[in-house]
Amino acid sequence: MINFIWIGILLTGIVFAVFTGRMDQVTEALFDSAGEAVTLCISLLSVLVFWLGLMRIAQQSGLLKKLSGLCRPLVARLFPDVPPEHPAMGYMLSNMIANLFGLGNAATPMGIKAMEQLRELNGGSDSASRPMITFLALNNSSIELIPTSVIAIRILHDAASPADIAFPAVISTAAACMAALLLDRLFWARQKRKGRVRA
Amino acid sequence: MSRMAAVSSWMIPVLVFGILVYALIKKVPAYEAFVEGGKEGIRMAVSIIPFLVGMLAAIAVFRASGALDFFVGLLRPVLGWFGVPPEIVPLALVRPLSGNAALGITNDLTAAYGPDSFIGRLAAVLQGSTDTTFYILTVYFGAAGVKRMGYALKVGLLADVVNFIAAVIVVTLVFGRS
């Protein structure tokens, strides 16, 4: 599916450029954004090296395992296909906790690590497994207690109470989070009915 | 607010402290472990590059060609029927595609309508309540080497729609429509 979406976005853009006469801007955007992507990866590099180094220490000392044991009852229900003892659980939990506190740069490396573990669990397959999709659905609408970048913008523009949007944001996220989990279950059930899933 | 900010600035040092003290107690060779884990980070960051270049380039072309503006224009009257201010539509559409672009739009809307207006607050809630769906899927699936995403994108985008509706309702209820 991602294939069609990717091709679709690019082709629609190029066809539109024919009519809007913005071919120059499109060419420029192509190369600028490619450069931007590489810059983004380089800025991710430092974060990944630091946090994965730290997480390796936590893993070797057994801290990660302890953490996943702590929250097992809740998370085990969300991920019935992942054995509770599996290291993926520890990484997923650390990712969710980091997200909760708005530590985006700590959350990403742990999330990636979790995905790698989930892939191993899935026999190294190229396709997304059920727990992967559940995890990303949660991650995408992850609850952030303090949306720092937005609050910074509001301070910049002299809001009367810059952080007053935090509560509505949490409520709104919670709704999206619940919807994501429901949709995830729904699509999973549908796929299973169609028999497209290998046991 | 200042207490909240203090909590987040203490968070990371405290976390690092805790992990290191625990390693010390358990007699783990922490430095060696750090370096080993860090090496893995390099490999990951490099492996994400092609995924991000492909996705960001596609989105940039879509925006630069004027296609995005066109679809925003199409959606405006539809959302207007539901009492959604048309000014917010570009943000709602860009939010799942590009985090930086969305932050830019949020900044513009806050500047233009004021941080304590309905539009200003709605923009802030939209920006703060969800992550960039395309980016999340690209980075996480890309780094793990998963090429077929299944129904993950569908779930992510539909959840974004729910988030948008919830944001409009919650902001209206909490702050009113001024």
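In this text, all values refer to a predicted model and were calculated from it rather than measured experimentally.

### Structural notes on the overall build of chain B
Each helix and strand in chain B was counted, giving 8 helices and 0 strands. Mapped from its N terminus to its C terminus, chain B presents α and β elements in the order α-α-α-α-α-α-α-α. The C-alpha atoms of chain B give a radius of gyration of 21 Å, which is well past the 16 Å a tight globule of 178 residues would have. If one aligns the C-alpha atoms of chain B with their principal axes, the spans along those axes are about 65 × 40 × 25 Å. Buried residues in chain B amount to 50% of all 178 residues. For chain B, the share of sequence-separated contacts (at least 6 apart) that also reach a separation of at least 24 residues comes to 60%.

### Examining the overall build of chain A
Scanning chain A from terminus to terminus reveals 9 helices and 0 strands. Listing every helix and strand of chain A by position from the N terminus yields α-α-α-α-α-α-α-α-α. Viewed in the frame of its principal axes, chain A has a C-alpha envelope of about 60 × 50 × 35 Å. Counted over contacts in chain A with a minimum sequence separation of 6, partners at least 24 positions apart contribute 60%.

### Notes on the nonpolar core
Among the nonpolar cores identified, the biggest contains 119 residues, and Leu52(B) and Tyr140(B) are the most heavily contacted of them. The greatest single-element share of this core, amounting to 18 residues, is contributed by helix H2 (residues 30-64) of chain B. Other than its neighbours up to four places away in sequence, Tyr140(B) contacts Gly111(A), Ile112(A), Met115(A) and Leu136(A).

### Things to note about the packing of helix H7 (residues 130-140) of chain A against helix H7 (residues 133-144) of chain B
H7(B) packs onto H7(A) with a crossing angle of 140° between their chain directions and a minimal axis gap of 10 Å. Relative to H7(B), the element H7(A) lies oblique. Relative to H7(B), the crossing made by H7(A) is right-handed. On H7(B), the residues touching Leu136(A), Asn139(A) and Asn140(A) of H7(A) are Thr133(B), Ile136(B), Leu137(B) and Tyr140(B). The class makeup of the residues in the contact of H7(A) with H7(B) is 4 nonpolar, 3 polar and no charged.

### Comments concerning the interface of chain A and chain B
Facing 89 residues of chain A, the contacting portion of chain B comprises 85 residues. Counting residues per element, the ones that place at least two in the side of chain A that touches chain B are helix H1 (2-20), helix H2 (23-60), helix H6 (104-121), H7, helix H8 (148-156) and helix H9 (166-193) of chain A. For the side of chain A that touches chain B, the element with the highest residue contribution is H2(A), accounting for 24 residues. Among the residues forming the side of chain A that touches chain B, the class breakdown is 55 nonpolar, 23 polar and 11 charged.

### Remarks on H1(A)
Each full turn of the α-helix corresponds to 3.6 residues, which orients residues three or four apart in the same direction. Taking 1.5 Å of rise per residue, the 19 residues of H1(A) would be expected to cover 27 Å, and the 27 Å separating its terminal C-alpha atoms lies within 8% of that figure. Those residues of H1(A) not exposed but buried are Ile9(A), Gly13(A), Phe16(A) and Ala17(A). Take H1(A) and look down its axis: the buried residues cluster within an arc of 110°, on one side only. Turned more than 90 degrees away from the buried face of H1(A), the exposed residues are Asn3(A), Phe4(A), Ile7(A), Gly8(A), Val15(A), Val18(A) and Phe19(A). Of the surrounding elements, those touching the buried residues of H1(A) are H2 of chain A together with H2 and helix H3 (67-81) of chain B. Just downstream of H1(A), Gly21(A) is the residue with a positive phi angle, here 65°.

### A look at the packing of helix H3 (residues 63-70) of chain A against helix H5 (residues 87-100) of chain A
Residues and elements named next belong to chain A. Two elements in contact, H3 and H5, have axes separated by 8 Å at closest approach and are oriented at 80°. It follows that H3 is roughly perpendicular to H5 by the angle criterion. On H5, the residues touching Leu64, Lys65, Leu67 and Ser68 of H3 are Pro87, Met89, Gly90, Leu93 and Ser94.

### Remarks on the confidence of the model for chain A
On average, residues of chain A score 85 in pLDDT, and 95% of them are at 70 or above. Averaged pLDDT values over the elements of chain A bottom out at 78 in H3(A) and peak at 90 in H1(A).

### Regarding H7(B)
All names here are of chain B. An ideal rise of 1.5 Å per residue puts 16 Å on 12 residues; H7 measures up with 17 Å between its terminal C-alpha atoms. Within H7, 12 of the 12 residues are buried, which leaves the element mostly enclosed by the surrounding structure. Residues of H7 that are buried include every one of Thr133, Phe134, Tyr135, Ile136, Leu137, Thr138, Val139, Tyr140, Phe141, Gly142, Ala143 and Ala144, and no others. Immediately beyond the C-terminal end of H7, within one or two residues, lies Gly145, with a positive phi of roughly 75°.

Quick notes on the rules
Residue numbering note: each chain is counted from 1, following its sequence as written. The naming scheme follows written order: chains are lettered A onward, ligands numbered 1 onward. Per-residue local features of the predicted model are confined to residues with pLDDT of at least 70, and side-chain atom pairs are confined, for both listing and counting, to 80 or more; whole-chain, interface and lining totals are unaffected and use all residues. A run of DSSP states H or I qualifies as a helix once it reaches four residues; a run of E qualifies as a strand once it reaches two. Both are numbered from the N-terminal end. Throughout, radius of gyration means the C-alpha value; the globule benchmark is 2.2 Å times the number of residues raised to the power 0.38. Put plainly, a residue is buried at 20 or more neighbouring C-beta atoms within 10 Å of its own, exposed at 12 or fewer, and partly exposed in between, counting only other residues' C-beta atoms, which are placed from the backbone. Here contacts are defined at the residue level, using C-beta atoms placed from the backbone and a cut-off of 7 Å between them. Note on definitions: a nonpolar core is a set of buried residues drawn from Ala, Val, Leu, Ile, Met, Phe, Trp, Tyr and Cys, linked by C-beta atoms within 7 Å. Here an angle of 0 to 180 degrees is reported between the N-to-C directions of two axes, which are lines fitted to C-alpha atoms, with helices fitted over the stretch in contact. In these notes the angle categories are as follows: under 35 degrees is roughly parallel, over 145 is roughly antiparallel, 65 to 115 is roughly perpendicular, and the rest is oblique. Note on convention: the crossing is left-handed when the near helix lies turned anticlockwise from the far helix by less than a right angle, right-handed when the turn is clockwise. Each residue receives one of three labels: charged for Asp, Glu, Lys and Arg, nonpolar for Ala, Val, Leu, Ile, Met, Phe, Trp, Tyr, Cys and Pro, and polar for the others, Gly being one of them. Each helix should span, by expectation, one fewer than its residue count multiplied by 1.5 Å. For this quantity, the arc is that covered by the directions from the helix axis to the C-beta atoms. As a per-residue measure, pLDDT tells how confident the predictor is, with possible values from 0 to 100.

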